[in-house]
Amino acid sequence: MPHYFFSWEEYVLLKLREVKELLEAEVFTGEDKLDLEVESGFGSDLMSDVLAFARGKVILLTGLTNNHVINTATMVDAVAVVFVRGKRPGPELIAAAEKIGLPLLGTRFIMFSSCGRLYQAGLKGCSELRVGENLAGETDEEK
Amino acid sequence: MKRNSKQPLEIVIPIKMKDFKAGGDGAARIKQVLQKIGFPPDIIRRVAIAAYEAEMNIVINSLGGEIKATVSTDVITIIARDYGPGIPDIELAMQEGYSTAPREIQEMGFGAGMGLPNIRRCADRMTVESKQGQGTTITIEIYNR
Ligand SMILES: Nc1ncnc2c1ncn2[C@@H]1O[C@H](COP(=O)(O)OP(=O)(O)OP(=O)(O)O)[C@@H](O)[C@H]1O
Ligand SMILES: [Mg+2]
C-alpha cells in the first residue's frame, strides 16, 4: 500500500517493468523483481542530496557507477537504480547489488530525457510526495 | 520489541581513511542490526542516513576513526570519532553547501556539503566537538518514539 497521497492529482505507481520499457532499459540485475512498484523518482549525481531528499518507494537515476550509489540506495530503501546515458556498472557493483536484492537498470537516454520520460508517464518527483512530511523530514506534528 | 533497555547493545566499527571500498559497511551493519531487532522503518532510515554520512566524512576527511552505535529500546546513539585533523570552523562546516571536497571526491558523488546538515536533520540531538590536530567527535541521538 502506498503511504503517500496527492492532494491535487492522481497517484501513479510504475512497475519496474514499465520503467524498463519507458527507458528502453537493460537490466543488469533484478530481472526477477520487475513487478516491484515505484511511487517517486529522484535524479542526481550528488548522493548527499539523495540522502536528504529521497522519499517513498523511490527509483534513483544517476550517472555514477560506484558503490556510493549502492550504499545510498540502501540507506534510503530505494526500489531500484537506473544508470543513465549509457553508463555501465562494473561486475563487482552488479554482484553487490545482486547480493542485497537491489535491481540495477541502464538506459542510453541522458538524465534529462530519462527523468522526463518517467515524469510524463505520471511518476512524481520526491518533492511532490506529501502526507504530513516535508522535505526536512519533519512531520506536521513537529512543526 | 524484545531488547531490554537496561542492557544496551553496542556495535563498534573501525573506519579507515580513504577506504572507499569498505566505506558504508559500518552504516549498513548498524541498519541490519536495527532491522533484526525490529525498530520502525523511519527510525532505522534516520539512523542509517546519519551513520552513513558520518562514516563517509571520516573516510574522506580524516586520518581514520570509528563509529560506535549504542542501541537501547528508547534511544539509538551514534558516536563517530576520528583521529584528526579536526574541523577548523564547525559553524561553517555545518552550513548547507559548504564542502572542501576536491574534484576527484566530487566525481564520486560526494561534496554536496549536505552531509552534516543531513545528520542534523535526522538526529533528535547532535553535537560536534573538534580539536585541530586531535580529531572530531560527532554524537548523534535518535529517539525511538
Ligand atoms: N570528520 C571530519 N574531519 C575533518 N573535516 C570534516 C569532517 N567531517 C566534515 N568535515 C569538513 O566539513 C565539510 C562539510 O562536511 P559535509 O559532510 O557537510 O559535506 P561534504 O562531506 O563536503 O559533502 P557531502 O557530505 O554532501 O558529500 C567537509 O567538506 C570537510 O571540510
Ligand atoms: Mg559529508
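Everything discussed here concerns the structure shown above.
Residues numbered from 1 in each chain as written. Chains lettered and ligands numbered in written order. Predicted model: local features only at pLDDT ≥ 70, side-chain atom pairs only at ≥ 80, totals over all residues. Heavy atoms only, no water.

1. What about the interface of chain B and chain A?
- In this assembly, 22 residues from chain B lie in contact with 23 residues from chain A.
- Regarding the contact of chain B and chain A, the summed buried area is about 1800 Å², with carbon and sulfur atoms giving 50% of it.
- Counting across the chain B and chain A interface gives two salt bridges.
- Of the charged contacts, one joins Glu92(A) and Lys21(B) as a salt bridge, the two residues approaching to 3.7 Å between their closest N and O atoms.
- If you look at where chain B meets chain A, you find twelve residue pairs in polar contact (both at pLDDT 80 or more).
- Here the element with the most residues in the side of chain B that touches chain A is helix α2 (residues 41-61) of chain B; it accounts for five residues.
- The residue makeup of the side of chain B that touches chain A, split by class, is ten nonpolar, six polar and six charged. (Contact = heavy atoms within 4.5 Å. Buried area = accessible area lost by both parts, 1.4 Å probe. Salt bridge = Lys/Arg side-chain N within 4 Å of Asp/Glu carboxyl O. Polar contact = N/O pair within 3.5 Å; in protein donor to acceptor, adjacent residues only side chain to side chain. Helix = DSSP H or I, 4+ residues; strand = E, 2+ residues; numbered from the N terminus. Nonpolar A, V, L, I, M, F, W, Y, C, P; charged D, E, K, R; others polar.)

2. Observations regarding the nonpolar core
- In terms of nonpolar packing, the biggest core is built from 66 residues, with Leu104(A), Ile30(B), Ile78(B) and Ile140(B) touching the most fellow members.
- Sort the elements by how many residues they give to this core and α2(B) lands first, with 13 residues.
- Once residues lying within four places of it in the same chain are set aside, the contact partners of Ile30(B) are Ile11(B), Ile13(B), Val47(B), Ala51(B), Ile67(B), Ala69(B) and Ile78(B).
- Counting residues in hydrophobic clusters, the runner-up holds 17 residues, among them Val19(A), Leu105(A), Leu118(A) and Leu123(A). (Core = buried A, V, L, I, M, F, W, Y, C linked by side-chain atoms within 4.5 Å. Buried < 20%, exposed > 50% of the residue type's maximum accessible area, 1.4 Å probe, protein only.)

3. Some points on the site of ligand 1
- Taken together, 20 residues sit near ligand 1, with Asp82(B), Ser99(B), Thr100(B), Gly111(B) and Met114(B) positioned nearest.
- Bordering ligand 1 are residues originating from chains A and B.
- Ser99(B) places a side-chain nitrogen or oxygen 2.6 Å from an oxygen atom of ligand 1.
- Here ligand 1 has 600 Å² of accessible area as a free molecule, and 95% of this is covered by the chains.
- Those elements that place two or more of their residues in the shell around ligand 1 are α2 and α5 (115-122) of chain B.
- Looking at side-chain class alone, the shell around ligand 1 contains eight nonpolar, ten polar and two charged residues. (Near = heavy atom within 4 Å. Areas by Shrake-Rupley, 256 points an atom, 1.4 Å probe, with all protein chains shown as cover.)

4. With respect to the state of the cysteines
- Per the stated rule, a full pass over the model turns up zero disulfides over all chains.
- Of all cysteine sulfurs, the one in Cys115(A) lies closest to Cys126(A), which takes part in no disulfide; the gap is 11 Å.
- The thiol of Cys122(B) is not disulfide-bonded; the next cysteine sulfur, from Cys126(A), is found 14 Å away.
- Taking relative accessible area as the criterion, Cys122(B) reaches 9% and is therefore assigned buried. (Disulfide = S-S within 2.5 Å.)

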